[in-house]
Number of protein chains: 2
Amino acid sequence: MQFSAFLTSLGTSFVIFVVLMFLFTWLSRKPANDVIYYPNRILKGLDPWEGGSRTRNPFAWIKEALNSSEDDVISMSGVDTAVYFVYTATVLGILVVSGIVLLPTLLPVAITDHTVKLDNTTSNGTFSDLDKLSMGHVKANSSRLWAFLIAVYWVSLVTYYILWKAYKHVSDLRAVALMSPVVKPEQFAILVRDIPPIPDGETRKEQVDSYFQSIYPDKFYRSMLVTNNKEVNKIWKELEGYRKKLVRAEAVYAKSKTVGNPEGTRPTNRTGFLGLVGEKVDSIEYCNEKIDKLVPKLESEQKVTLREKQQCSALVFFTSRVTAASAAQSQHARIVDTWTVMESPEPHQLIWSNLSLGFYGRETRKYVVYFVVALTILFYMIPIGFISALTTLANLRKLLPFLKVVVDKKVVSTVLEAYLPQIALIVFLALLPKLLLFLSKAEGIPSESHAVRATSGKYFYFTVLNVFIGVTIGGTLFSTLKTIEHHPNTIVNLLATSLPDNATFFLTFVALKFFVGYGLELSRLVPLIIYHLKKKYLCKTDGEIKEAWEPGDLGYATRVPGDMLIFTITLCYSVIAPIIIPFGVVYFGLGWLILRNQALKVYVSSFESYGRMWPHLHTRILASLLLYQVTMLGYFGIKKFDYTPLLIPLPIMSLIFMFVCRKKFYGFFRCTALEVACHELKETLNMEQVFRSFIPPSLASAEKLDNDQFEDALSEVSRPAASVV
Amino acid sequence: MQFSAFLTSLGTSFVIFVVLMFLFTWLSRKPANDVIYYPNRILKGLDPWEGGSRTRNPFAWIKEALNSSEDDVISMSGVDTAVYFVYTATVLGILVVSGIVLLPTLLPVAITDHTVKLDNTTSNGTFSDLDKLSMGHVKANSSRLWAFLIAVYWVSLVTYYILWKAYKHVSDLRAVALMSPVVKPEQFAILVRDIPPIPDGETRKEQVDSYFQSIYPDKFYRSMLVTNNKEVNKIWKELEGYRKKLVRAEAVYAKSKTVGNPEGTRPTNRTGFLGLVGEKVDSIEYCNEKIDKLVPKLESEQKVTLREKQQCSALVFFTSRVTAASAAQSQHARIVDTWTVMESPEPHQLIWSNLSLGFYGRETRKYVVYFVVALTILFYMIPIGFISALTTLANLRKLLPFLKVVVDKKVVSTVLEAYLPQIALIVFLALLPKLLLFLSKAEGIPSESHAVRATSGKYFYFTVLNVFIGVTIGGTLFSTLKTIEHHPNTIVNLLATSLPDNATFFLTFVALKFFVGYGLELSRLVPLIIYHLKKKYLCKTDGEIKEAWEPGDLGYATRVPGDMLIFTITLCYSVIAPIIIPFGVVYFGLGWLILRNQALKVYVSSFESYGRMWPHLHTRILASLLLYQVTMLGYFGIKKFDYTPLLIPLPIMSLIFMFVCRKKFYGFFRCTALEVACHELKETLNMEQVFRSFIPPSLASAEKLDNDQFEDALSEVSRPAASVV
């Protein structure tokens, strides 16, 4: 890729960014758009505009984001979001501190080495200006390589130091959140799975209650058996659907009562497929009829579910946080595959359908999913390699000579060369997360937040393996097939050889990501358009309008691997082509700023895992560092530097660092430390409320309708304990 | 080695065994020897002869051993001993069930293959009868090898099945022991290490008490700080020494008052080195003087120790077993390297000097010790290899021709050939255990039983690597150096090639071990002689006599690896030369019988770890099985059997089996399951007594002398809780 193409790409991206920023400033001032630009504040009952005035400085949001404290983030969006900002800040810190040293030293060292003709450049014969700034410009075994070798050490040490501080900080955040004097239902419950078969003459509920009563005679409150809610959920969803339709029909009917038509028109619909075929009926009557039929059906199904569809797992409630925290990490049964306990996740993020899976079922599913994911990762590599090889213009011209006429036109070729591969890649990556989330849930994971973490992990390995390594090596393999001049025999060598060729590709990729990606993120153009379209043509009721602007959460499952990919790319090129560092810094700096705004004003977090995300982020940053160190080892080898073995201690240090951090900090993220759980509550503890918050919505009405019945079906032994408040 | 040499060795061993048995029958009937043959019964206050009559059948002990139940063993010698018998029975079971199938099938298959000239025999040119019974007698790639291949599967499957049953059984044993309604002090205490630095304005004791008081407000009883007892132990030992000397001097003086000399002779001693030099003084006066001086010194040192020598660890007591069991397995602190908790071992097996080591000190020591042990194992290999190579007679004659005259004499050569290598080996092995126990304690392990387990593990790998693999390969390497005809390139191949050559060596080794080893074990000749010599010439007081006959414990640290070596040898030869199986069966059968007698009547177990030994035994049996499977893979390869790859699934199966067992059963051996700990106690719980049982003897008198002081120094906050009984 030529330098001009690179500049064109950068320029275009920047123009797009400026336009999007302008749009944001203009659109976000209109009150009609408040629900798109301030939904989090609106849902929390706050005034969208803090100062009350709409005629502010267009850059006020930047000031607000910069001035917001970590506590603001936690109160508006939870600990998980705060941890995400610790992650962004950590990565930013690593890049800034590395860059401060690397840029002023390595660039002059590289550029002043005039003695060597480059052979590691993609530009067919012509020297690119960018290549002069890279390590490829330094001749083999030059003593100038010492500077680069020391730089590798500097980047590694900076990473260790900043990661260590960050882990401590996140551990503090988690502790403060868990010590909070506010009652959080999940801190009083544990999830018990793999309950052994019911002994003769006992019910499941008696079995569970007597088991925990005997172990925790003072602190056991009561238990809630997990039931198979598939059927009852289906009926409940159907019922809710008709209720919504009824409200909508009534709203439509009310609206049709204009002055000219005081009777209005009763809305009608067809009963067949998608409302397109079948009998035409009066919507209001039809819905009322359906609801009347479904309510008793739901009630009887609720009874059946509570009585007969009990599974081998339960939620057990304690009247003390310490006891619950201790119970969640103690081995209760002699044989590990029975009475398995864990901390309960938040009520609304429990995946009920996974709770009934047995120990061996879960283990088996886990390995099967790992296998499927490994296959997915490996087989996607082939198409990606082809795409990246095909979409470099030179290759296109070689392979499809008839395109020459179009491609050789200056303008067309510049634009194509600048965007074609990157866009292909970005579109391609958008397909996968849903599949990975589905696979993660299929593992039998009991909570949404855990499933999201698992998805994020899988997606990270996918992106690094396929996008970074795949594109890099894929391109080289393709050109090697054509020319056959090098014979790199190991994957590390292959990667090291290929890296410099792809520097500009990734530089453009990063720039596209932050200018266009974050521009779209901040301006929220897509949700805005969708909202206005829906509001105008589809929504009839307030509920429907609210659904149309619901902002969703930050989307860790795809956001984190995306960031990690940029970080991995920046890190791996940080010494080879230090010019990439400012791009990485802008990506994470802009990201921090814009997401701070989004977290405070837009996104609504859908779960709280008290920072359990962090160990995963930490491990993945270290995995990137390891990849970087191994790659550098290979690249120095290719540069025939005599002192390359001096880099060997680095990967070993990283592994030791990983081990020590895991040993020292991870325990507290796996379970709640008792010294944290023992802090006192400020409010009165209402155990009844804690218990009720875990009842799934499809069963909640059963409890209202027939309280005694529900109590009876869920727990009986606990009656006396219920007085402990 | 020739067949006659083998028979001679076997015959001699058997004669020695018969003689020792006769000696046992004769000696154990004499009442004067009761303390040697029945010390365990005497110490437990039982009648040495159950029936009361001494004129019994000389084989009555066999009947008694066979009739004794597991409960008898547990009540006389504890769960650990019972677990040892489970181990013996398991191994015996594996060998018997394997032998029943292997002997009647493999021996005929091997012996009827007349078509091949042996090349894998040590007998220089002459065919040995034993070799005809082995797999070496079957020609390469013969279809007869199918029988041997199926045999390898049979042995493996039998091992899995029996091990699975045994793990379940031991888990039950442990559960029953831990559920016992008898108060065991260690079940109410936890050991807390790595307590962080004391906050300002608090004492260590206040820090510990307030920490646990806040987490366990209801169940915390009090804490005992671990102190540095080095100085106080020294003074206490000196004091106890002089007290013993005083008792002895008084006994000597009293004895000297005969009718002829009614005044008696006051005993004297010299104050210098070993009582050989220095001033001559009156012993009684001298001792009294010393004791008078030491008592106040001890008292002041006790105060100093309790006040000023507090370490960063403590024992924390709870008023409930469940709370203690739960506390021992919960994470208390956010950072894992502070407030580390574990179940408390029995009071008397705590290694106080190791309790003050910090987290990183322990980790570092562990790895240093592993490194030292690895070095030891590797460097011992060289001398052992030489010994085994040199001590085969043929080699001796080759290397030292001047010995020919002696060695060629029939009688000398037969005896020498039979015993020389085995005796060299046995003596050699006696040197190591002390060093390994020292190293294990240096790891910072907090209890004796754990140190013994760690020693046993190290010794196992030592014996298997050095004795079995070392001797086998060493011999071959030596002969290969002389002849250079094979070039086996991998260690597995080398081992497989060498195995048949050493079959008779190991056959003799096993026979020697069981006939002579168990003969000496049962007859207790050495302790008997030492006891009678001591009693006659050294002991003057009852205390000294008791010390002279104290039987000690079973000595797992050396006994288990010894047994494991025999098992490994038998297993590895079970298919190659199935004739070894009966020898293994006799070894473990005889061992079971004789040790049952010793456990019931002789040895006194010095600690109780509730069967924690088992996971170690289990892993080691599986390690042997793995070695066997890999070796067989190599040996079938050498036999050029086309279907050798069919053996590849076996090692994989073993690893999966190991993983599943670990996952399923190990948790309960690492910590007490709560469902087990929650069983109710039958006796009244006296927490004061529980607490006191942990006070080390050198500090115990401080408590008697100055109860308030001690209380004060140990715990203050706990006063109100002390009323909970």
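As the structure is a prediction and not an experimental result, all values here were calculated from the model.

### Quick notes on the overall build of chain A
Phase 1 of the analysis: A tally of regular secondary structure across chain A gives 31 helices and six strands.
Phase 2 of the analysis: Scored against the burial criterion, the 725 residues of chain A give a buried share of 53%.
Phase 3 of the analysis: Accessible surface for chain A amounts to roughly 32000 Å². Of this, 64% is attributable to carbon and sulfur atoms.

### With respect to the pairing of strand β2 (residues 220-227) of chain B
All names here are of chain B.
Phase 1 of the analysis: Of all eight residues that make up β2, eight are buried, and the element is covered over most of its length.
Phase 2 of the analysis: Bridge count between β2 and strand β5 (residues 310-318): six bridges; the pairing is antiparallel. Its bridge partner lying in β5, R222 is registered against F317.

### Some details on the interface of chain A and chain B
Phase 1 of the analysis: With 39 residues of chain A at the contact, the number on the chain B side is 39 residues.
Phase 2 of the analysis: Of the roughly 3000 Å² buried between chain A and chain B on both sides combined, carbon and sulfur atoms contribute 52%.
Phase 3 of the analysis: Remark: the boundary between chain A and chain B carries six salt bridges.
Phase 4 of the analysis: Two residues, R334 of chain B and D172 of chain A, come together in a salt bridge whose shortest N-O distance is 2.3 Å.
Phase 5 of the analysis: Taken together, chain A and chain B are joined by 27 residue pairs in polar contact (both at pLDDT 80 or more).
Phase 6 of the analysis: Secondary structure elements with two or more residues in the side of chain A that touches chain B: α8 (145-179), α9 (204-215), α12 (321-328), α14 (359-390), α27 (649-670) and α28 (674-677) of chain A.
Phase 7 of the analysis: Here the element with the most residues in the side of chain A that touches chain B is α27 of chain A; it accounts for six residues.
Phase 8 of the analysis: Each residue belonging to the side of chain A that touches chain B can be placed in one class, and the counts come to 20 nonpolar, nine polar and ten charged.

### So, the pairing of strand β5 (residues 310-318) of chain A
Residues and elements named next belong to chain A.
Phase 1 of the analysis: Within β5, seven of the nine residues are buried, which leaves the element mostly enclosed by the surrounding structure.
Phase 2 of the analysis: Looking at chain direction, strand β1 (residues 189-193) and β5 are connected through four bridges and run antiparallel. The residue of β5 that forms the bridge with V192 is A314.

### Details of helix α26 (residues 613-638) of chain B
Phase 1 of the analysis: Its 26 residues give α26 of chain B an end-to-end C-alpha distance of 38 Å, which sits within 8% of 38 Å, the value for a rise of 1.5 Å per residue.
Phase 2 of the analysis: One or two positions beyond α26 of chain B, positive phi appears at K640 of chain B, with a value near 55°.

### A short note on the sheet that holds β5 of chain A
Residue and element names in this part refer to chain A.
Phase 1 of the analysis: Taking strand neighbours across the sheet as the criterion, the four strands line up as β2-β5-β1-β6 in an open arrangement whose pairing is antiparallel. Both outer strands of the open sheet, β2 (220-227) and β6 (340-343), are each paired with one neighbouring strand and no more. Each neighbouring strand pair of the sheet contributes to a mean axis angle of 25°, computed without reference to strand direction.
Phase 2 of the analysis: In this fold helix α11 (residues 283-308) packs onto β2 and β5, with an angle of close to 85° to the strand it touches most, β5.

### Observations concerning the packing of helix α4 (residues 60-67) of chain A against helix α25 (residues 580-601) of chain A
Residue and element names in this part refer to chain A.
Phase 1 of the analysis: Running from N to C, α4 and α25 point in directions that differ by 85°, and their axes come no closer than 9 Å. As summarised for this structure, α4 and α25 are arranged roughly perpendicular, according to the angle between their axes. Contacts between α4 and α25 involve W61, I62, E64, A65 and L66 on the former and, on the latter, W592, L593, I594, R596, N597 and K601.
Phase 2 of the analysis: Here the residues of the contact of α4 with α25 are counted per class, giving seven nonpolar, one polar and three charged.

### Concerning the sheet that holds strand β6 (residues 340-343) of chain B
Strands in a sheet are paired, the pairing made by backbone hydrogen bonds, and the direction either parallel or antiparallel.
All names here are of chain B.
Phase 1 of the analysis: Pairing in this open sheet of four strands is antiparallel, and the strands run β2-β5-β1-β6 from one edge to the other. Edge positions in the sheet fall to β2 and β6, since each of these pairs with one other strand and no more. Sheet twist, expressed as the average angle between the axes of neighbouring strands with direction ignored, equals 25°.
Phase 2 of the analysis: Contacting β1 (189-193), β2 and β5, helix α9 (residues 204-215) runs over the sheet at an angle of about 145° to β2.
Phase 3 of the analysis: In the packing of helix α11 (residues 283-308) onto the sheet, contacts are made with β2 and β5, and the angle to β5 comes to roughly 85°.

### What to know about the side chain of S77 of chain A
Phase 1 of the analysis: On the secondary structure map, S77 of chain A appears in helix α5 (residues 70-77).
Phase 2 of the analysis: Not counting residues within four places of it along the chain, the set of residues in contact with S77 of chain A comprises A599 and S605 of chain A.

### Section: the relation of the copies chain A and chain B
Phase 1 of the analysis: Laying chain A over chain B is done by rotating through 180° and shifting 0.1 Å along the axis; what remains is an RMSD of 0.1 Å. Accordingly, the operation relating the two chain copies is best matched by a two-fold axis.
Phase 2 of the analysis: Interface overlap between copies is the fraction of interface residues in one copy that are interface residues in the other; for chain A against chain B it reaches 100%, indicating a shared surface.

### Observations regarding the confidence of the model for chain A
All names here are of chain A.
Phase 1 of the analysis: On average, residues of chain A score 81 in pLDDT, and 83% of them reach the 70 mark or higher.
Phase 2 of the analysis: At the level of individual helices and strands, chain A shows its lowest average pLDDT in helix α31 (residues 707-714), which scores 47, and its highest in α8, which scores 93.
Phase 3 of the analysis: Here residues 705-709 is modelled with pLDDT under 50, and outside its nearest four sequence neighbours on either side it reaches six contacts, counting other chains as well.
Phase 4 of the analysis: Segment residues 712-725 is flagged for pLDDT under 50; beyond a separation of four residues in sequence, or across chains, it makes 32 contacts in the model.
Phase 5 of the analysis: For this predicted complex, the interface confidence comes out at an ipTM of 0.80, alongside a pTM of 0.82.

### What to know about helix α22 (residues 525-537) of chain A
An α-helical turn contains 3.6 residues, so any two residues separated by three or four positions project in the same direction.
Residues and elements named next belong to chain A.
Phase 1 of the analysis: With 13 residues, α22 extends 18 Å from end C-alpha to end C-alpha; this agrees with the ideal 18 Å at 1.5 Å per step.
Phase 2 of the analysis: For α22, every residue scored as buried is listed here: L525, L528 and Y531. Viewed end-on, α22 has its buried residues packed into an arc of 130°, placing them on one side of the element. Residues of α22 that are exposed and angled more than 90 degrees away from the buried face: V526 and Y537.
Phase 3 of the analysis: Residues of α22 that are buried in the fold lie against α1 (3-27), α2 (34-37), α21 (503-523) and α23 (542-549).

### Details of the nonpolar core
Phase 1 of the analysis: Core analysis: the biggest nonpolar cluster contains 130 residues, and F148, F468, V575, W614 and F636 of chain A have the highest contact counts within it.
Phase 2 of the analysis: The element best represented in this core is α8 of chain A, accounting for 17 residues.
Phase 3 of the analysis: A175, L495, F583 and L650 of chain B belong to the second largest nonpolar core, which has 126 residues in total.

### Some thoughts on the pattern of salt bridges
Phase 1 of the analysis: Taken as a whole and judged by the stated rule, the model has 32 salt bridges over all chains.
Phase 2 of the analysis: Residues E64 of chain B and K601 of chain B are paired through a salt bridge, measuring 2.5 Å at the closest nitrogen-oxygen approach. Of this pair, E64 of chain B sits in helix α4 (residues 60-67) while K601 of chain B is found in helix α25 (residues 580-601), placing the two residues 537 residues apart along the sequence.
Phase 3 of the analysis: Residue class for E64 of chain B comes out partly exposed when judged on its relative accessible area of 23%.
Phase 4 of the analysis: For K601 of chain B, a relative accessible area of 6% gives the class buried.
Phase 5 of the analysis: What you see here is one network of salt bridges that share partners, running through R222, E688 and R692 of chain A.

### Here we look at the packing of aromatic side chains
Residues and elements named next belong to chain A.
Phase 1 of the analysis: Applying the stated criterion across every chain yields a total of 77 aromatic pairs over all chains.
Phase 2 of the analysis: Between the aromatic rings of F24 and W61, the centroid separation amounts to 5.8 Å while the plane-to-plane angle is 85°, which identifies the pairing as edge-to-face. Of the two residues, F24 is situated in helix α1 and W61 in helix α4; the sequence distance between them amounts to 37 residues. No difference in accessibility class separates F24 from W61, as the two residues are buried.
Phase 3 of the analysis: Among the aromatic residues, those joined into a ring-pair cluster are Y160, W164, Y167, W614, F657, F665, F668 and F669.
Phase 4 of the analysis: Between R174 and the ring centre of F668, over which it is positioned, the NZ or CZ distance is 5.1 Å.
Phase 5 of the analysis: For R222, the ring lying beneath its charged end belongs to F691, and the centroid distance is 3.8 Å.

### A few points about unusual backbone geometry
All names here are of chain B.
Phase 1 of the analysis: Although it is not a glycine, D194 adopts a positive phi angle of roughly 55°.
Phase 2 of the analysis: Within the secondary structure, D194 sits in the loop between β1 and α9.
Phase 3 of the analysis: For D194, a relative accessible area of 6% gives the class buried.
Phase 4 of the analysis: For Y610, which is not a glycine, the phi torsion comes out positive at approximately 55°.

Definitions and limits used
Counting restarts for each chain: residues are numbered from 1 in the order of the written sequence. By the order in which they are written, chains take letters starting at A while ligands take numbers starting at 1. Since the coordinates come from a predicted model, pLDDT governs what is reported: local features require at least 70, and pairs of side-chain atoms require 80 or more to be given and counted, while whole-chain, interface and lining totals use all residues. Where side-chain values are given, they derive from all heavy atoms of the structure, hydrogens and water being excluded. A run of DSSP states H or I qualifies as a helix once it reaches four residues; a run of E qualifies as a strand once it reaches two. Both are numbered from the N-terminal end. Accessibility here uses a 1.4 Å probe with only protein chains present; expressed as a share of the type maximum, an area under 20% marks a residue as buried, one over 50% as exposed, and anything in between as partly exposed. Each accessible area is a Shrake-Rupley result for a 1.4 Å probe, and residues are judged covered by the shown protein chains and nothing else. At least two bridges found by DSSP between two strands is the condition for calling them paired. Two residues form a contact once any of their heavy atoms are found within 4.5 Å. Computed with a 1.4 Å rolling probe, the buried area is the accessible surface lost when two parts are put together, summed over both parts. Counted as salt bridges are all cases of a side-chain nitrogen of Lys or Arg within 4 Å of a carboxyl oxygen of Asp or Glu. Nitrogen and oxygen atoms within 3.5 Å of one another constitute a polar contact, given that in protein one can donate a hydrogen and the other can accept it, and given that sequence-neighbouring residues count only through two side-chain atoms. The classification used treats Ala, Val, Leu, Ile, Met, Phe, Trp, Tyr, Cys and Pro as nonpolar, Asp, Glu, Lys and Arg as charged, and all other residues, Gly among them, as polar. Here the expected length of a helix is defined as 1.5 Å per residue gap, with one fewer gap than residues. Where helices are involved, their axes are fitted lines through C-alpha atoms of the stretch in contact, as for all axes, and angles between N-to-C directions lie from 0 to 180°. Should an angle lie under 35 degrees it is considered roughly parallel, over 145 roughly antiparallel, and from 65 to 115 roughly perpendicular; all remaining angles are considered oblique. Residues below a pLDDT of 70 in either copy are left out; the C-alpha atoms of the rest, at least 70 in both, set the least-squares superposition of the copies. The predictor rates its confidence in each residue with pLDDT, a number between 0 and 100. Taken from the helix axis, the directions to the C-beta atoms give the arc we talk about. Side-chain atoms within 4.5 Å link the members of a nonpolar core, which is a set of buried Ala, Val, Leu, Ile, Met, Phe, Trp, Tyr and Cys residues. Any two of the Phe, Tyr and Trp rings considered here, Trp counted by its six-membered ring, make a pair once their centres fall within 6.5 Å; the pair's planes then place it as stacked at under 30 degrees, edge-to-face at over 60, or tilted in between. Here, a charge over a ring is recorded when the distance from Lys NZ or Arg CZ to the ring centre is within 6 Å and its angle to the ring normal is within 35 degrees.

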